[in-house]
Amino acid sequence: MAPPRNVVKIAVQKSDAIPQLIQLDQAKPLATVLKEVCDVWNVTDSERYALKFADGHKRYITENNRTEIKNGSILCLSTAPDLEAQQLLGGLQSTSREGCYQALKNLVPLASDMTFAQEVISRDGLQRLSAIIENGDDLGEMLALGLRAFLELMEHGVVSWETLSIPFVRKVVSYVNMNLMDASVQPLALRLLESVTLSSPALGQLVKSEVPLDRLLVHLQVRNQQLQTKAMALLTALLQGASPAERKHMLDYLWQRNLRQFIYKNIIHSAAPMGDEMAHHLYVLQALTLGLLEPRMRTPLDPYSQEQRDQLQALRQAAFEPEGEPSGTGLSADRRRSLCVREFRKLGFSNSNPAQDLERVPPGLLALDNMLYFSRHAPSAYSRFVLENSSREDKHECPFAQSSIQLTVLLCELLHVGEPCSETAQDFSPMFFSQDHSFHELFCVAIQLLNKTWKEMRATREDFDKVMQVVREQLARTLALKPTSLELFRTKVNALTYGEVLRLRQTERLHQEGTLAPPILELREKLKPELMGLIRQQRLLRLCEGMLFRKISSRRRQDKLWFCCLSPNHKVLQYGDVEEGANPPALESLPEQLPVADIRALLMGKDCPHVREKGSGKQNKDLYELAFSISYDHGEEEAYLNFIAPSKRDFYLWTDGLSALLGSTMGSEQTRLDLEQLLTMETKLRLLELENVPIPEQPPPIPPPPTNFNFCYDFSITEP
């Protein structure tokens, strides 16, 4: 007879004792279960003990998490968390350096447990750790242990970062600013200051005033990758907390100190692989730098501004007035005005007053900035563009000003100028750090590409929108390749001609072709079940391989990882926390298990409980697109296992695999694409022998039966 649903078979260990194999009744109070375990070993005072998971992070068992105990779990008998916390905090007050060091060493691995952390915090453990950090008697391993324990306790969110004292923050700042500091201390100090800056505006201003940018630049130039990453994290946190004016001043100073060149040479082109965290911070730095263009993008041209009128005139003069030979000399004012209007028309402005074209926001004044930059930094290309189109027929000329305005809008959309930073994105462009004024330089390449594409398409004014669609595709496809320099971008985008774009479109359309001959459609329908089974098998294999997932809190991006995989027999999901940079753990070392039979449903997107409360801002859109959860039976209650996929492809693979595991339909976009690709390949293989043979829309008619069947061989007659 099967045991009741709320009874699990587990093992309980104790040092110098034979382990117990017991049937744990989840309906019994935990104190009763603990007393029964202690009685078997003749251990008195059971209230002084507690049960912990023997594997993984060895978390304490509480009434809240006891339902995570599954069949086959291994627990161990340990000191109760309140007594453990009291003992270790007593050790922190030891006058012996060795005693204090040992207490800190034992405290750090336990601090990640929420139950233990609450006991330490309730006994003023944070204050004692603060005292150790502020005294700074030992600037080596003991200080590093103190900082690590403090960070682990604060990460639980029980105490707000805003409660930290100013002297404490200043002391941590001094460790960052100190020369010849232990390499294990400064990354932790930088991480603490990053958390303070992101969580408390007031203390963030203190950190900003106390930590010089030059000091962070020094940390960025060391070979210690962890220290380099944490310095970049604090730098981006300070930039995010600054006002727009302060941010511009800080970025201008960093660029003057050659930060861009250092990132490009020593981080992007480093021999060591770039970590996910560093990639995220480079994305943030790129987004914040491009965000400086937003005020110009949102500001329309002021027709009463003398400076802006002079800039428009400089744009016209660069195209039509050779240096030292101003046109219109000796002409009347009306004649000169008429000549200027005609020249502005040749420049591609659609209104007689060019200021009216630049009243549109976006791109506002940013389009004028781009045109001026092109005329001043590529004067020969600018003159060639304008004069070449001025000599064409009116309907075939490419309007420079109109194209520049529309192209500036397009670049702002492709580069997400003015959009808030994502919490998890890592999609930075290496080309951005290859040179100064990257946005304007990119415009110079794009406007020449537009003129080239215009000629290839033999376009007229009526084809303007079509040309812009092709240029958008050319730029988007090339940016997706992540070229490492502007020259490489220029080479790749110019190789992507209009004819090549048409070929790519046709290829993609053939892959997605659905209107085929009826016999082909019938063949495809017959092949679908077999190929869907193949896709299902691949998805389940990906689940068995497992994957690292990043933990995301409601406050900020986290560095902690956890690993989840499906057992080879497809019966159990196993998971557990892992350290940053560690290899994927072995299946048997994962502490937590979730039987597939207990799973109720698969939730995705905004239905997931871990993103439901995060709001609907643009910065959370990527979380919605990558979030999924598993609801399962947790005793008599419903619990959730929450995921944030590293990428959209991984999201599709895992949600498809879980759907297949639950017997549901795999309905993701990736499944549709994979099925279409497999169907296309299999259909082509089946039709290889019919190449150049027309396939009729209707099957040929069946001929009438013969008048007799005398031609059939009679197998009943045996030959002699």
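Cut-off values and rules
- Per chain, residues are indexed from 1 in the order of the written sequence.
- For this predicted model, a pLDDT threshold of at least 70 governs which residues receive local features, and a threshold of 80 or more governs which side-chain atom pairs are given and counted, while totals over whole chains, interfaces and linings are taken from all residues.
- The side-chain values count all of the structure's non-hydrogen atoms but skip hydrogen atoms and water molecules.
- Counting from the N terminus, the helices are the DSSP runs of H or I reaching at least four residues and the strands are the DSSP runs of E reaching at least two.
- Here a salt bridge means any side-chain nitrogen of Lys or Arg lying within 4 Å of a carboxyl oxygen belonging to Asp or Glu.
- Accessibility here uses a 1.4 Å probe with only protein chains present; expressed as a share of the type maximum, an area under 20% marks a residue as buried, one over 50% as exposed, and anything in between as partly exposed.
- What we call a nonpolar core is a set of buried Ala, Val, Leu, Ile, Met, Phe, Trp, Tyr and Cys residues that are connected through their side-chain atoms within 4.5 Å.
- Note on contacts: a residue pair qualifies if any of its non-hydrogen atoms lie within 4.5 Å across the two residues.
- How far each domain reaches was decided by an automatic or database domain assignment.
- By buried area we mean the combined loss of accessible area, with a 1.4 Å probe, across both parts when two parts are placed together.
- Each polar contact in these results corresponds to two N or O atoms within 3.5 Å; when the atoms are within protein, one needs to be able to donate a hydrogen and the other to accept it, and residues that are neighboring in sequence are counted only if both atoms are side-chain atoms.
- As a working rule, the residues Ala, Val, Leu, Ile, Met, Phe, Trp, Tyr, Cys and Pro are called nonpolar, Asp, Glu, Lys and Arg charged, and the rest polar, with Gly in that last group.
- Strands are treated as partners if at least two bridges between them are detected by DSSP.
- Interaxial angle, 0 to 180 degrees, is taken between N-to-C directions of lines fitted to C-alpha atoms, where a helix line uses only the stretch in contact.

As recorded in an unreviewed UniProt entry, the protein chain goes by Engulfment and cell motility 3 and comes from Peromyscus maniculatus bairdii.

## Topic: the environment of P696
Summarising the element assignment, P696 is placed in the segment after α29 (669-686). For P696 and P519, which are 177 residues apart along the polypeptide, the C-alpha to C-alpha distance reads 8.1 Å.

## Some thoughts on the pattern of salt bridges
Counted according to the given criterion, the structure contains 38 salt bridges. In this structure, K14 engages D16 in a salt bridge whose closest nitrogen and oxygen atoms are separated by 3.5 Å. Given a relative accessible area of 24%, K14 falls into the partly exposed group. One salt bridge in this structure joins D633 and R600, with 2.4 Å as the shortest N-O distance. Linking D633 in strand β10 (residues 627-634) with R600 in strand β9 (residues 599-604), this pair joins segments that are 33 residues apart in sequence.

## Points about the nonpolar core
F150 and L475 are the most contacted members of the largest nonpolar core, which has 149 residues in total. Top element by residues in this core is helix α21 (residues 438-457). It accounts for 11 residues. Excluding residues within four positions of it along the chain, L475 makes contact with L407, L410, L411, L414, A446, L449, F489 and V493. Formed by 40 residues, the second largest nonpolar core is a distinct cluster that contains L602, F628, F643 and A645.

## Looking at the domain arrangement of the protein chain
Interface size is commonly expressed as the accessible area that is lost once the parts come together. Domain parsing of the protein chain yields domain 1 (7-78), domain 2 (80-159), domain 3 (160-257), domain 4 (298-320 + 335-508) and domain 5 (530-674). Buried surface at the junction of domain 1 and domain 2, summed over both partners, amounts to about 690 Å²; 55% is from carbon and sulfur atoms. At the boundary of domain 1 with domain 2, the tally comes to zero salt bridges. The interface formed by domain 1 and domain 2 includes two residue pairs in polar contact (both at pLDDT 80 or more). Considering every element that reaches the side of domain 1 that touches domain 2, the biggest residue donor is strand β3 (residues 49-53), with three residues. The residue inventory of the side of domain 1 that touches domain 2, partitioned by class, reads three nonpolar, three polar and four charged.

## Considerations on the sheet that holds strand β1 (residues 7-13)
A sheet is described by the order of its strands in space; here four strands give the open sequence β2-β1-β4-β3, paired in mixed fashion. With one partner strand each, in any of the chains shown, β2 (20-25) and β3 form the two edges of the open sheet. Taken over all neighbouring pairs, the strand axes of this sheet differ in orientation by 40° on average, direction set aside. Looking at chain direction, β1 and strand β4 (residues 74-79) are connected through three bridges and run parallel. Looking at β4, one finds that A11 is bridged to I74.

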